[in-house]
Amino acid sequence: MAAARGNFSGFIQIQNSHSEENIQDLMDQRKRMRIQSNRESARRSRMKKQKRLDDLTAQIAQLRNKNSHLLTSLNLTTEDYMKMEAENSILKAQFMELSQRLQSLNEILNYIKSNNNPMFEDFQCPESLTYFCQRPTATMASPDAFYY
């Protein structure tokens, strides 16, 4: 029996050493799988980061392009505004000049009519000027009548 026990304990030792090797192999295999999994995860993370960087770079280019178009549009609009302001100033000056001329003509007509000047007794107002030949009113000589 002692021999049987010795064989049995030897078998257990062989089995234990074999088990330890299996456990070690299993642990090594798990370690390799974890390392491989970590590498894959790191690779996916790098790819994701690169894709995000590429997307942001494309967005920057798109926004710069849009900004350039907006600046061009703003410059053109500002230029048009300046032209309109200049034209408006010219029109205002012309309006003031014409208003002063109208006022002067109304004053001349009033003078002619009020003095009963014998030279103009037979003066007949042409049909195209009947507006100016009427008795002057406050609106007749008002330059603001045409100003908006």
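That block above? That's the structure.
We now turn to the structure provided with this report. This structure is a prediction, so every number in the text was calculated from the model and none was measured.

**Comments concerning the overall build of the chain**
If you tally the helices and strands in the chain, you get 2 helices and 0 strands. Approximately 13600 Å² of the chain is accessible, and the part contributed by carbon and sulfur atoms is 57%.

**Side note on the pattern of salt bridges**
Scanning all chains against the criterion turns up 4 salt bridges. Residues Lys83 and Glu79 are paired through a salt bridge, measuring 3.6 Å at the closest nitrogen-oxygen approach. Placement of both Lys83 and Glu79 in helix 1 (residues 2-114) is noted, with a separation of 4 residues, approximately one turn of the helix. What makes Glu79 partly exposed here is its relative accessible area of 41%.

Calculation criteria
- Residues numbered from 1 in each chain as written.
- Predicted model: local features only at pLDDT ≥ 70, side-chain atom pairs only at ≥ 80, totals over all residues.
- Heavy atoms only, no water.
- Helix = DSSP H or I, 4+ residues; strand = E, 2+ residues; numbered from the N terminus.
- Areas by Shrake-Rupley, 256 points an atom, 1.4 Å probe, with all protein chains shown as cover.
- Salt bridge = Lys/Arg side-chain N within 4 Å of Asp/Glu carboxyl O.
- Buried < 20%, exposed > 50% of the residue type's maximum accessible area, 1.4 Å probe, protein only.

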